Amino acid sequence: MTLTPILARMSADMSVRVRYAPSPTGEPHVGNIRTALFNWLFARHEGGAFIVRLEDTDQARYEEGAERAIFESLAWLGLDYDEGPDPSDISRDIGDRGPYVQSRRRDTYRRHADQLIEAGHAYRCYCPAERLDQVRKDLQRRKLPPKYDRHCRDLPDPPGAEQRLESEGLPCVVRFRTPLSGQTAFHDLIRGDIMFQNDTLDDFVLMKSDGFPVYHLASVVDDRLMGISHVLRGDEWLSSTPRHVLLYQAFDWEPPAFAHLPMILGPDRSKLSKRHGDTAVLEFRERGFLPEALLNFLGLLGWSLDDRTEIIDRETFVRSFGLERVLANPAVFNFDKLTWMNGVYIRELAEEALADRISPVLESRLGTSVDRGLLRRVVPLIRERIKLLTEAVEMAGFFFVEGELDYGEETLLGKKFAGDPGAAAHALEAVLGRVSALQPWEHGALEGAIRPLAEELDLKTGALFGLIRVAVTGSTAAPPLFETMAVLGRERSLERLRSALRRLGP
Ligand code: GLU
């Protein structure tokens, strides 16, 4: 990996300004937010500015509500920005180089397109859609790449075009006059020197007939006007970069530094997509991931501290992040590793903090309010056993529900008592007799009372404990039995044992 030191670290008078430029075409997914994270880390490490810009010029792909999901994802992960749309009202801006929403910058793009036309770097193309279709089909039939045949490139504007453009808007697009020969080269901070042959590039469209710019023009103009020093983006944009470099040259502007981040693959090594499972950032929140765990995981998708360290907190990331350790090879999104990492972060949280995280999850899933004092006593029982916040619902929801638990006789009897409800009832009666008046109600005393009972009843401890576990928790998977009963309390434990007994009939 070769690096041009001047570009890797800007001189003191050129401050780092980077941007995250999502298109509101849907909820941001993890690949996209990894780009946001690397930009944020780079800005914070360098003491520069992190800018958010909404690229909403493709009206056909716009999705209602996408902006909200973008801002919520950034906020959830703690990726604060210095300039961008005001999330509470995106018609307003934070920062003075806005607007930061491209649909509000259409005059700017129009002006710049006109400037290119005047300088001879762009031209209006009046070809009707049917003609372009025909050209495309002919080329496809000849197995050639479907490029525009440059029909309008050297034709004068049709008669009266100027006036009609003014008065009614002509159905025309603006195309870039791409050089017919030669090469366009640039340096990528991650991939090194890259070169494209100009004759492989089309006379690409800059402005569409609906008056909206195409990504290439909007992106270059905005990066320039917003003073972007480094463009860090996913490597699917690498093939756009020669077009951007040509635009910078046509405007006679110095291009920013470019760094294309490695692709993210699913566990099967194909490009990460919905097929591999949930990929939208907010779905990870929904599924019980902690933002700090997801941040840690995403930070290692294509960057490493030292090839070994897995658990890295936000401050260490900011302190250590640099483009020199971004890898060119694709990164694999390993869901199991992320889940493991989440478990590590859960165990690292202080009990009070973990209770704060679990409480809203329980409340929304159980549809009931959660007693804080009880939750504080439950947390130590489950923190070593859950890898996702949502697992607290299955593992400990029974502490918080009132009334009858929802389980069937089959679950209660399990394999050990299947077909013999009488034996199960006998055992439960014995347990009730042993613990009803137990003093004190704490786990050592409970164990001291119940464990010997197994032998007296001629049962395996597993069989007896399993039966009691279902009776008091409604489930076969729960925290350790005696601690659970201790926290649940005498009244509720006895009530649940009696309820189980009733279910087994007389
Ligand atoms: N709007 C593009 C996207 O959705 C931005 C590409 C770029 O960063 O230049 O990813």
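Conventions used here
- Residues numbered from 1 in each chain as written.
- Predicted model: local features only at pLDDT ≥ 70, side-chain atom pairs only at ≥ 80, totals over all residues.
- Heavy atoms only, no water.
- Helix = DSSP H or I, 4+ residues; strand = E, 2+ residues; numbered from the N terminus.
- Rg over C-alpha atoms; globule rule 2.2 N^0.38 Å.
- Buried < 20%, exposed > 50% of the residue type's maximum accessible area, 1.4 Å probe, protein only.
- Contact = heavy atoms within 4.5 Å.
- Areas by Shrake-Rupley, 256 points an atom, 1.4 Å probe, with all protein chains shown as cover.
- Lys, Arg positive; Asp, Glu negative; His and termini not counted.
- Charge placed at Lys NZ, Arg CZ, Asp CG, Glu CD.
- Near = heavy atom within 4 Å.
- Polar contact = N/O pair within 3.5 Å; in protein donor to acceptor, adjacent residues only side chain to side chain.
- Nonpolar A, V, L, I, M, F, W, Y, C, P; charged D, E, K, R; others polar.
- Pairing = 2+ DSSP bridges.
- Axes fitted to C-alpha atoms, helices over the stretch in contact; angles between N-to-C directions.
- Phe/Tyr/Trp six-rings, centres within 6.5 Å; stacked < 30°, edge-to-face > 60°.
- Lys NZ or Arg CZ within 6 Å of the ring centre and 35° of its normal.
- Right-handed = clockwise from strand over helix to strand, strands pointing away.
- Salt bridge = Lys/Arg side-chain N within 4 Å of Asp/Glu carboxyl O.

Asker: Would you mind going over the overall build of the protein in detail, with residue names and values included?
Answerer: When helices and strands are counted, the protein shows 21 helices and 13 strands. Taking 23 Å as the expected radius of gyration for a compact globule of 506 residues, we find that the protein reaches 32 Å, considerably beyond that expectation. If you line up the protein on its principal axes, its C-alpha atoms span 105 × 50 × 45 Å. With 506 residues in all, the protein has 51% of them scored as buried. Taking the contacts inside the protein whose residues are at least 6 apart along the sequence as the reference set, 73% of them involve residues at least 24 apart. Carbon and sulfur atoms form 50% of the exposed surface of the protein, whose accessible area is close to 23800 Å². Across the protein, the centroid of the 65 positively charged side chains sits 3 Å from that of the 77 negatively charged ones.

Asker: Residue-level account of the site of the ligand, with values.
Answerer: The ligand sits among Arg19, Ala21, Ser23, Glu55, Tyr215, Arg233 and Trp237. Arginine 19 is positioned with one of its side-chain polar atoms (N or O) 2.7 Å from an oxygen atom of the ligand. Residue arginine 233 places a side-chain N or O atom 2.9 Å away from an oxygen atom belonging to the ligand. When the ligand is considered free in solution it has 300 Å² of accessible area, and contact with the protein chains removes 88% of it. For the shell around the ligand, the per-class residue count stands at three nonpolar, one polar and three charged.

Asker: Before we move on, could you go through the sheet that holds strand β9 (residues 205-207) and cite the residues and values that matter?
Answerer: As summarised here, the arrangement of the three strands in space is β5-β6-β9, forming an open sheet in which the pairing is antiparallel. Edge strands, defined here as strands with exactly one partner in the open sheet, are β5 (122-125) and β9. Across this sheet, the average inter-strand angle for adjacent strands is 40°, counted without regard to direction. Looking at chain direction, β5 and strand β6 (residues 173-176) are connected through four bridges and run antiparallel.

Asker: Lay out the packing of aromatic side chains in plain terms, naming residues and giving numbers.
Answerer: Following the criterion strictly, the structure yields 17 aromatic pairs and no others. Look at phenylalanine 251 and tryptophan 253: their rings are 4.2 Å apart centre to centre, the planes differ by 15°, and that puts the pair in the stacked class. Exposure remark for phenylalanine 251: the relative accessible area of 7% places this residue in the buried category. For the ring pair phenylalanine 333 and phenylalanine 335, a centre distance of 4.8 Å and an interplane angle of 55° mean the geometry is tilted. Owing to a relative accessible area of 15%, phenylalanine 335 belongs among the buried residues under this scheme. Here the aromatic cluster, defined as three or more aromatic residues joined through ring pairs, consists of Phe284, Phe289, Phe297, Phe333 and Phe335. The residue whose ring lies beneath arginine 106 is phenylalanine 212, and the NZ or CZ to ring-centre distance is 4.0 Å. We note arginine 287 situated over the ring of phenylalanine 284; from NZ or CZ to the ring centre the distance is 5.3 Å.

Asker: Mind laying out the environment of tyrosine 109, listing which residues take part and the relevant values?
Answerer: Structurally, tyrosine 109 is set in helix α4 (residues 106-118). For the pair tyrosine 109 and valine 214, spaced 105 residues apart in the sequence, the C-alpha separation amounts to 9.4 Å. When residues no more than four places from it in sequence are discounted, the contact partners of tyrosine 109 are Gln102, Met207, Pro213, Leu217, Ala218, Val221 and Asp222.

Asker: Break down the environment of glutamate 236 for me, with residues and values.
Answerer: Relative to the helices and strands, glutamate 236 is located in the loop between β10 (230-234) and α8 (241-251). For the pair formed by glutamate 236 and histidine 260, sequence separation is 24 residues and the distance between their alpha carbons is 8.2 Å. Within polar-contact distance, the side chain of glutamate 236 engages the side chain of tryptophan 237 at 3.5 Å.

Asker: Talk me through the pairing of strand β8 (residues 192-197); I want residue IDs and the actual numbers.
Answerer: Relative to β8, strand β7 (residues 183-188) runs antiparallel, the two sharing six bridges. Residue pairing across strands places histidine 187 opposite aspartate 193, the latter belonging to β8. Hairpin connection between β7 and β8: a loop of three residues separates the two successive antiparallel strands.

Asker: I'd like a rundown of helix α10 (residues 291-299), residues and numbers included.
Answerer: Where burial is concerned, most of α10 is hidden: eight out of the nine residues are buried. Of all the residues in α10, the buried ones are Pro291, Ala293, Leu294, Leu295, Asn296, Phe297, Leu298 and Gly299. Contact partners of the buried residues in α10: α2 (30-46), α3 (66-77), α9 (281-286), α11 (314-320), α12 (335-348) and α13 (351-366).

Asker: Could you give me a rundown of the pairing of β10, with the residues and numbers involved?
Answerer: Counting buried positions along β10 yields five of five residues, so the element is predominantly enclosed. Assessed by its sense of winding, the connection that carries the chain from β10 through α8 to strand β11 (residues 257-261) is right-handed.

Asker: Can you tell me about the side chain of threonine 473, naming the residues and giving the values?
Answerer: Structurally, the position occupied by threonine 473 is in helix α19 (residues 461-473). Among all residues touching threonine 473, those that are not within four sequence positions of it are Phe398, Leu405, Ala478 and Thr484.

Asker: Describe helix α7 (residues 215-225), with residues and values.
Answerer: Across the eleven residues that make up α7, a large majority, nine, are buried. Inspection of α7 places Tyr215, His216, Leu217, Ala218, Ser219, Val220, Val221, Asp222 and Asp223 among the buried residues, and these make up the whole buried set.

Asker: An account of the pattern of salt bridges is requested, with residue identities and associated values reported.
Answerer: Counted by the stated rule, this structure contains 39 salt bridges. Taking the shortest distance from any N to any O, the salt bridge between glutamate 72 and arginine 68 comes out at 2.6 Å. Of the two residues, glutamate 72 and arginine 68 are both situated in helix α3; the distance of four residues between them amounts to about one turn of the helix. According to the relative accessible area criterion, arginine 68 is partly exposed, its value standing at 48%. Among the ionic pairs, arginine 131 bridges to aspartate 149, the shortest N-O distance being 2.5 Å. Linking arginine 131 in helix α5 (residues 129-141) with aspartate 149 in the loop between α5 and α6 (161-167), this pair joins segments that are 18 residues apart in sequence. Salt bridges sharing common partners tie together Arg19, Arg53, Glu55, Arg105, Asp222 and Asp223.

Asker: Report on unusual backbone geometry, specifying residues and quantitative values.
Answerer: Cis geometry marks the peptide bond from glycine 98 to proline 99; its omega dihedral reads -5°. Considering the arrangement of structural elements, one finds proline 99 in the loop between β4 (89-94) and α4. Across the junction of glutamine 439 and proline 440, the peptide omega takes the value -15°, indicating a cis bond. Within the secondary structure, proline 440 is located in the loop between α17 (421-435) and α18 (443-456). The backbone phi angle of aspartate 252 is positive, close to 65°, even though this residue is not glycine. You can see aspartate 252 is positioned in the loop between α8 and β11. Of note in the backbone geometry, aspartate 307 takes a positive phi value of approximately 70° without being a glycine. Within the secondary structure, aspartate 307 sits in the loop between α10 and α11.

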